[in-house]
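Per-entry structural report
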There are 8 protein chains.
Amino acid sequence: MTHKKPLVGIVMGSASDLEVMRGAAEILDSLGIANEMKVASAHRTPELVHEYVTTAPQRGIEVLIGGAGGAAHLPGVMASLTTLPVIGVPVQSKALQGLDSLLSMVQMPSGIPVATVGIDGAKNAGLLAARILAIKYPELEKRLREYAEVMADNIRAIQLG
Amino acid sequence: MTHKKPLVGIVMGSASDLEVMRGAAEILDSLGIANEMKVASAHRTPELVHEYVTTAPQRGIEVLIGGAGGAAHLPGVMASLTTLPVIGVPVQSKALQGLDSLLSMVQMPSGIPVATVGIDGAKNAGLLAARILAIKYPELEKRLREYAEVMADNIRAIQLG
Amino acid sequence: MTHKKPLVGIVMGSASDLEVMRGAAEILDSLGIANEMKVASAHRTPELVHEYVTTAPQRGIEVLIGGAGGAAHLPGVMASLTTLPVIGVPVQSKALQGLDSLLSMVQMPSGIPVATVGIDGAKNAGLLAARILAIKYPELEKRLREYAEVMADNIRAIQLG
Amino acid sequence: MTHKKPLVGIVMGSASDLEVMRGAAEILDSLGIANEMKVASAHRTPELVHEYVTTAPQRGIEVLIGGAGGAAHLPGVMASLTTLPVIGVPVQSKALQGLDSLLSMVQMPSGIPVATVGIDGAKNAGLLAARILAIKYPELEKRLREYAEVMADNIRAIQLG
Amino acid sequence: MTHKKPLVGIVMGSASDLEVMRGAAEILDSLGIANEMKVASAHRTPELVHEYVTTAPQRGIEVLIGGAGGAAHLPGVMASLTTLPVIGVPVQSKALQGLDSLLSMVQMPSGIPVATVGIDGAKNAGLLAARILAIKYPELEKRLREYAEVMADNIRAIQLG
Amino acid sequence: MTHKKPLVGIVMGSASDLEVMRGAAEILDSLGIANEMKVASAHRTPELVHEYVTTAPQRGIEVLIGGAGGAAHLPGVMASLTTLPVIGVPVQSKALQGLDSLLSMVQMPSGIPVATVGIDGAKNAGLLAARILAIKYPELEKRLREYAEVMADNIRAIQLG
Amino acid sequence: MTHKKPLVGIVMGSASDLEVMRGAAEILDSLGIANEMKVASAHRTPELVHEYVTTAPQRGIEVLIGGAGGAAHLPGVMASLTTLPVIGVPVQSKALQGLDSLLSMVQMPSGIPVATVGIDGAKNAGLLAARILAIKYPELEKRLREYAEVMADNIRAIQLG
Amino acid sequence: MTHKKPLVGIVMGSASDLEVMRGAAEILDSLGIANEMKVASAHRTPELVHEYVTTAPQRGIEVLIGGAGGAAHLPGVMASLTTLPVIGVPVQSKALQGLDSLLSMVQMPSGIPVATVGIDGAKNAGLLAARILAIKYPELEKRLREYAEVMADNIRAIQLG
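Residues numbered from 1 in each chain as written. Chains lettered and ligands numbered in written order. Predicted model: local features only at pLDDT ≥ 70, side-chain atom pairs only at ≥ 80, totals over all residues. Heavy atoms only, no water.

**Considering the overall build of chain A**
Helix and strand content of chain A: 6 helices and 5 strands. Put simply, chain A runs from its N terminus to its C terminus through helices and strands in the order β-α-β-α-β-α-β-α-β-α-α. Whereas a compact globule of 161 residues would reach a radius of gyration of roughly 15 Å, chain A reaches 16 Å, a difference of no more than 12%. Reported as C-alpha extents along the three principal axes, the dimensions of chain A are approximately 50 × 40 × 30 Å. Classification of the 161 residues of chain A by burial places 68% in the buried group. Partitioning the contacts of chain A with sequence separation of at least 6, the portion at a separation of at least 24 is 66%. (Helix = DSSP H or I, 4+ residues; strand = E, 2+ residues; numbered from the N terminus. Rg over C-alpha atoms; globule rule 2.2 N^0.38 Å. Buried < 20%, exposed > 50% of the residue type's maximum accessible area, 1.4 Å probe, protein only. Contact = heavy atoms within 4.5 Å.)

**Points about the interface of chain E and chain D**
Across the boundary between the two partners, chain E contributes 37 residues, which contact 37 residues of chain D. Buried area between chain E and chain D, both sides added, is near 3100 Å², and the carbon and sulfur share of it is 63%. Summed over the shared surface of chain E and chain D, the number is 0 salt bridges. Taken together, chain E and chain D are joined by 20 residue pairs in polar contact (both at pLDDT 80 or more). (Buried area = accessible area lost by both parts, 1.4 Å probe. Salt bridge = Lys/Arg side-chain N within 4 Å of Asp/Glu carboxyl O. Polar contact = N/O pair within 3.5 Å; in protein donor to acceptor, adjacent residues only side chain to side chain.)

**Here we look at the interface of chain A and chain H**
Residue-level contacts link 37 residues of chain A with 37 residues of chain H. For the pair chain A and chain H, the two sides together bury roughly 3100 Å², of which 63% comes from carbon and sulfur. Run the count over chain A and chain H and you get 0 salt bridges. The tally of links between chain A and chain H comes to 20 residue pairs in polar contact (both at pLDDT 80 or more). Listing elements by their share of the side of chain A that touches chain H, those giving two or more residues are α4 (99-106), β5 (115-116), α5 (122-136) and α6 (138-156) of chain A. By residue number, the principal contributor to the side of chain A that touches chain H is α5 of chain A, which donates 8 residues. Each residue belonging to the side of chain A that touches chain H can be placed in one class, and the counts come to 23 nonpolar, 8 polar and 6 charged. (Nonpolar A, V, L, I, M, F, W, Y, C, P; charged D, E, K, R; others polar.)

**Concerning the packing of helix α5 (residues 122-134) of chain C against helix α6 (residues 138-156) of chain C**
All names here are of chain C. Where α5 meets α6, the axes come as close as 7 Å, and the angle between the chain directions of the two elements is 140°. As judged from the angle between their axes, α5 and α6 are oblique. Counting all contacts with α5, which are made through Lys123, Leu127, Ala130, Arg131, Leu133 and Ala134, the residues of α6 involved are Pro138, Leu140, Glu141, Leu144 and Tyr147. Among the residues forming the contact of α5 with α6, the class breakdown is 8 nonpolar, no polar and 3 charged. (Axes fitted to C-alpha atoms, helices over the stretch in contact; angles between N-to-C directions. Parallel < 35°, antiparallel > 145°, perpendicular 65-115°, else oblique.)

**Overview of the arrangement of the chains**
There is a clear gap between chain C and chain G: no contact, and 12 Å between their nearest C-alpha atoms. The smallest C-alpha distance separating chain C from chain H is 17 Å, and no contact links them.

**What to know about the environment of glycine 66 of chain E**
Among the secondary structure elements, glycine 66 of chain E is positioned in strand β3 (residues 63-69). On the basis of relative accessibility, which here comes to 0%, the residue glycine 66 of chain E falls in the buried class.

**What about the confidence of the model for chain A?**
Mean pLDDT over chain A: 96, with 98% of residues reaching 70 or higher. Scoring the predicted complex yields pTM 0.97 and, for the interface, ipTM 0.96. (pLDDT = per-residue confidence, 0-100.)

**Things to note about helix α1 (residues 18-30) of chain B**
Taking 1.5 Å of rise per residue, 13 residues should cover 18 Å, and α1 of chain B covers 18 Å from first to last C-alpha, within 8% of that figure. Where α1 of chain B ends, the next residue or the one after it, glycine 32 of chain B, has phi of about 75°, a positive value. (Expected span 1.5 Å × (residues − 1).)

**Focus: the relation of the copies chain E and chain D**
Overlaying chain E on chain D yields an RMSD of 0.0 Å, the required transformation being a rotation through 180° with an accompanying axial translation of 0.0 Å. Such values leave the two copies arranged in the relation of a two-fold axis. An overlap of 100% is found between the interface residues of chain E and their copies at the interface of chain D, pointing to a shared contact surface. (Least-squares fit on C-alpha atoms with pLDDT ≥ 70 in both.)

**Details of the relation of the copies chain A and chain H**
If you rotate chain A by 180° and push it 0.0 Å along the axis, it lands on chain H with an RMSD of 0.0 Å. Both copies present the same face, since 100% of the interface residues in chain A are matched by interface residues at the equivalent positions in chain H.

**Some thoughts on unusual backbone geometry**
Backbone phi values are negative for most residues with the exception of glycine, while trans is the configuration of most peptide bonds. For glutamine 97 of chain C, which is not glycine, the phi dihedral falls at a positive 60°. Here glutamine 97 of chain C is to be found in the loop between β4 (86-91) and α4 (99-106). Phi at aspartate 120 of chain H is positive, roughly 60°, even though this residue is not glycine. Judged by its relative accessible area of 23%, aspartate 120 of chain H falls in the partly exposed class.

**What about the environment of glutamate 36 of chain H?**
Residues and elements named next belong to chain H. The topology assignment puts glutamate 36 in strand β2 (residues 35-39). The spacing of glutamate 36 and leucine 64 is 28 residues in sequence and 10.0 Å in space, taken between C-alpha atoms. The contact partners of glutamate 36, leaving out residues within four places of it in the chain, are Pro6, Val8, Gly9, Ile10, Tyr52, Arg59 and Ile61. A polar atom in the side chain of glutamate 36 sits 2.8 Å from the side chain of arginine 59.

**A look at the side chain of threonine 82 of chain B**
Along the chain, threonine 82 of chain B falls in the loop between α3 (74-79) and β4 (86-91). Given the relative accessible area of 12%, threonine 82 of chain B is considered buried. Reaching out from threonine 82 of chain B, the side chain makes a polar contact with the backbone nitrogen of leucine 84 of chain B at a distance of 3.0 Å. When neighbours within four sequence positions are excluded, threonine 82 of chain B is seen to be in contact with Val53 and Leu64 of chain B together with Arg131 of chain C.

**Quick notes on the pattern of salt bridges**
According to the stated counting rule, one finds 48 salt bridges over all chains in the structure shown. Notably, a salt bridge pairs glutamate 141 of chain E with arginine 145 of chain E, separated by 2.6 Å at the nearest N-O pair. Separated by 4 residues within a single helix, glutamate 141 of chain E and arginine 145 of chain E lie in helix α6 (residues 138-156), roughly one turn from each other. A relative accessible area of 25% places glutamate 141 of chain E in the partly exposed class. Between lysine 94 of chain H and aspartate 120 of chain F there is a salt bridge, with the nearest N and O atoms lying 3.3 Å from each other. Of this pair, lysine 94 of chain H sits in the loop between β4 (86-91) and α4 (99-106) while aspartate 120 of chain F sits in the loop between β5 (115-116) and α5 (122-136), on two different chains. Residue classification places lysine 94 of chain H among the exposed residues on the basis of a relative accessible area of 66%.

Set out below in structure tokens:
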């Protein structure tokens, strides 16, 4: 797990998604999982998405995360180009608050799954990637348990009134 | 306009969309506009969609129609591969009645438009293709006016009670 | 394509829609497509809409764009008065965030299509008009390809981290 | 109130709306209020709607009811052509269960009101027309009270178990 | 029509609805229709609503307007206590943007109609009351036509660009 | 707890709600809690609701359940007439599947709570009434625990494959 | 009713829910009902929720209130661990305005009821707890009636215009 | 990969979910991935869920799938008890068509991710489990590619007209 090469590739459809999507990178960093971020639009740069996704395995990427808003096709397109697990982050849209992003991401046709997390749920996308990788890299499982314990301790420590 | 070669290409994501999508072919046939239908899934056969759309202009196609349900990416993917106008037909889905199909089709990002019609609105997609072609082929404009007149006459002829 | 006379007529139901709808004019301007903007309400000035739409062809207009919010009938009313293709822009409403605008625009009855784009999607409406006109005016197709390339280059140029 | 000439004009966008809309005629009949039904589509026969609505006052019509489904513009269009009160009945649509019909009917712009009742609420549209007419025709008020009493008696008479 | 006594009673469920609901009074004032406003909650002061509504006819009230948000029962409760026409104004709620207000107002059971206008549509409620009263008071019809003409003139006067 | 007199009053807005609402009576019967059912419409028989609810305490009723569909005001109206806890059951409506029933029941204004259960959740309404009564009648708590154990045992007993 | 020990336990899934949830404590305080607040997350500290809920009866707690947002499982989890009545407060979420919180709270499976109040309806949750306790503690019923009278008086005192 | 012991545990909240959820088992079987199915309700048998999930790793389970409808807490509860990746299948509900199931599953709080697939998307849940396991078991990757090729071939083989 002292990989230098990224294990997780985080793709977003627009630079404006960065504010949300860096939440995935931050939690992965804190768990010691190397990752990379990339802007590539399923609609405006389909070749870039194709190239990024199809070369990901040879670069050592094992889990992909895609974040997009509106007609949020990016993770679905990514999932259609690989057998790697693809996690989708519906980014909150201006008009419909992310309901469009969520539905266009999660309601994938049979055969091509996208592991969708909640609207703007980039941090959970990173944690899901970590859970997936922990099957293969046992030391990660320990870090996830520690993370959960700290999270629980923080809640237990809250004193009201 | 006595084209033998199709001017309109109708693509659907699954054979189960045929029942809805043939409405587009039928209205185009009745207006004397040659057309072709194709099953090609944006997710399960991205290369087939790519090949179909990118070769469409050289085969004489001038307008594309894409129909799909659920996370209905097909017309958006088509629009990202061509400068031809792409009309989208959201096909009614089982669970959410086509709201998912509609939102994932119409809420396209800036730069890549899809001309979306109503849920299961394949007939209107055909009529929209005809309106678009009528700019270039004036005889079509006359047929569209006749069509509208027949439609209006049918309504005027209804006698209640 | 060095038309002086507008090819595209952009109609909006209220002056308050101007902020959104000028996005259509701007992209058309940048593509060198002459266009005009007009405020005309389907409900408050039905005669004005009637006059504008029915005289549009003789003034050289080949594509119409209608933008409105709430019970957004404007593009549907326009489409009922012409055989020109009508593009609809659902303008985001105050209460329901444009869901009302979208549904009352896209769910047109069989026979009268409106080419609906996303909520506040005026720029995409302009691009869709350009794609439609490019069927007849081949030099437009080249400009659209260039536009797409610039758009893609801009995304490719983004460096994160 | 022994008018032979209709006081209420019931317009529907399609013959398929008759099954729902006759509920308005039936309650009006039972209250002794002459009425007429007409099929006229706001989109497919705008001139027919225009003619019907603008000549309604000279034919003695005092209240208008419009029923339609989907992008249900009919009552809004009617209201834009008259100062008579217009009652709207959103007819349940196939895909979105009438949510589209309701929103495109009720969310009218400032200046042009539509008195909207519930989805498929034709009977309530008839009762609302009667309440409106009862302001002018006092004998109607008595019939409405009797109707309410019968309705209440029927509920009071129910014995469970 | 030089009534001193109010013809229209405007009831709202909470003082916080006043900002929206005064739109009804203002348009009625401008049309010369005497009106009164009252805060009375269907849930917190049911007796006050009962008293206000059941005594309204003897005070000369001919049309009632009720505005409320959330589980917006007020106009429905009012309609259950009178045979006067009751107009409902769904006031935009904090959480669900008025969808709850709208549905709980418009979806009335058969027998008790509420003439619902759009979310926050108090001005349209006032205009609808005027249209209803104009059946009985012909001079109102003229004012409504003048109002519509001014409204149309204002739109026609807009010059873009 | 060997009460002969009903402790729970189940009110429904229409006889058509009986099929759903008897689920509340059945679970109460099975827990040995006397109850009674009544049809009384908030809109069509407001006096009947008033009388039923205001006399309930003197008849020994300690918990009220109200079930209704559409603009489902019944439990809210009941809650406005008593200090007894009122449980609301949103009955599934034809057009909007109970979303209207749910929102018009649960979104009560501050001051008048309705304890809302799920759409068509009459059985849970009965169980909630039992939980409430168990605070005062301790033997009920034991029956509720037994009920939960049987329910759990039934699930544990399921063998798949 | 001069209990020193809390009768009502208010649990919230996150410290960020405190701003909303203290509304429950405040109304309980004003009615003289001792209560306690606790942060415990159904997902991040399931053991803490388990411990809190299962020990509540022996600490004298008779009613539980749970508030959470998003996939708001907390009150459902609480209800699965006790036979005490559990009141749920859907806290408004960032993306979907509390529709997700509401649906994931109220749509409980048969057997495990949650008494759900409106979105951010903590005050009503407190009042509902008071109504429930008033069955057992008659002096509370008087305070609730006084509270209702003050509330009504405040509305009656409003003078408009 | 010739494991006899299940690698994937499929849990469902009710036996009525079996019809949908067996889709996950079938696709896993066809890919040669041992799996087991279990009925355990998050609300009615929380201890059973606790026991099943916390003992899953020692039984060799590496991926968990949870399917439920309505307030569909099951996969969220599972995810709170383990660091294994948990896939959620929102099962279509009767009233709200699965929108409630979807939102209460996907909108998990930060810290506890659920990999949600589409409504009734059990087959995609199985495929997602396979993609996850393929990171560790390379022979699975080949089977997934073969599966995708067969799927694509089936679509390519469709001949219309």
